[in-house]
Amino acid sequence: MTIDHAAIEARRAEIRRRHVLAHRPSSSARGLHHVALLSSDVERTVQFYQDLLEFPLTEIIENRDYKGSSHFFFDIGNGNLLAFFDFPGLDLGPYQEVLGGLHHIAISVDPATWERLRGKLEMAGVPHQIESGASIYFKDPDGARLELLADHLGEMYGARVL
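Cut-offs used in this document
Residues numbered from 1 in each chain as written. Predicted model: local features only at pLDDT ≥ 70, side-chain atom pairs only at ≥ 80, totals over all residues. Heavy atoms only, no water. Core = buried A, V, L, I, M, F, W, Y, C linked by side-chain atoms within 4.5 Å. Buried < 20%, exposed > 50% of the residue type's maximum accessible area, 1.4 Å probe, protein only. Helix = DSSP H or I, 4+ residues; strand = E, 2+ residues; numbered from the N terminus. Contact = heavy atoms within 4.5 Å. Pairing = 2+ DSSP bridges. Axes fitted to C-alpha atoms, helices over the stretch in contact; angles between N-to-C directions. Expected span 1.5 Å × (residues − 1). Polar contact = N/O pair within 3.5 Å; in protein donor to acceptor, adjacent residues only side chain to side chain.

1. A word on the nonpolar core
Soluble globular proteins: nonpolar side chains tend toward being buried together.
Inference 1: Residues Tyr49, Leu53, Phe55, Phe138 and Leu148 are the most contacted members of the largest nonpolar core, which totals 32 residues.
Inference 2: Per-element accounting of this core gives the leading share, five residues, to helix H2 (residues 42-52).
Inference 3: Apart from the residues lying within four places of it in its own chain, the contact partners of Phe138 are Phe48, Leu53, Leu121, Val126, Pro127, His128, Ala144, Arg145, Leu146 and Leu148.

2. As for the sheet that holds strand E6 (residues 128-131)
Inference 1: With respect to topology, four strands assemble into an open sheet ordered E5-E8-E7-E6, the strand pairing being mixed. Each of the sheet's edge strands pairs with one partner strand only, and the pair in question is strand E5 (105-108) and E6. Along the sheet, successive strands turn relative to each other by an average axial angle of 20°, direction set aside.
Inference 2: For strand E7 (residues 135-139) and strand E8 (residues 145-149), the ladder comprises five bridges, and the chain directions are antiparallel. Looking at the pairing, Ser135 lines up with Leu149 of E8.

3. Section: helix H3 (residues 111-123)
Inference 1: An ideal rise of 1.5 Å per residue puts 18 Å on 13 residues; H3 measures up with 18 Å between its terminal C-alpha atoms.
Inference 2: Structurally, the start of H3 carries an N-cap: the backbone nitrogen of Ala112 is 3.1 Å from a side-chain oxygen of Asp110.
Inference 3: Two residues or fewer after H3 comes Gly125, characterised by a positive phi angle close to 75°.

Honestly, it's all geometry; don't read function into it.
What follows is the structure, given as structure tokens:
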């Protein structure tokens, strides 16, 4: 398979032009050090994380390790980022939860934001599960499991965990 790198860069530039906002709003999240996930569709991933979950796209660049691959970042608050790679031309298959692999990413949001995002997930038809009145579990477009947690960073269901 021949990869059209110029077309990929043009698409990356178009996504950057349309989605990297000059005046980004504050993120709805409060923290995660960092994690890198895979994206099978950059535009769809940007729409899900920036438009639905309100995590601003901060940059989209070429992945230094794989020509034509995008490396892009979302602000999840507290100076932390959620990163993604796509790998055009590689068939990575669907996401799978496996023993020893990623189970989920828990992102802290304040209670009012938790309620707002729960409503947005419902309006968007995203299947989700609410646990203990403080956690919403759902999957991103590529199947990675996420949790929005209404507890403060370092707390879990009222207990200090940090």
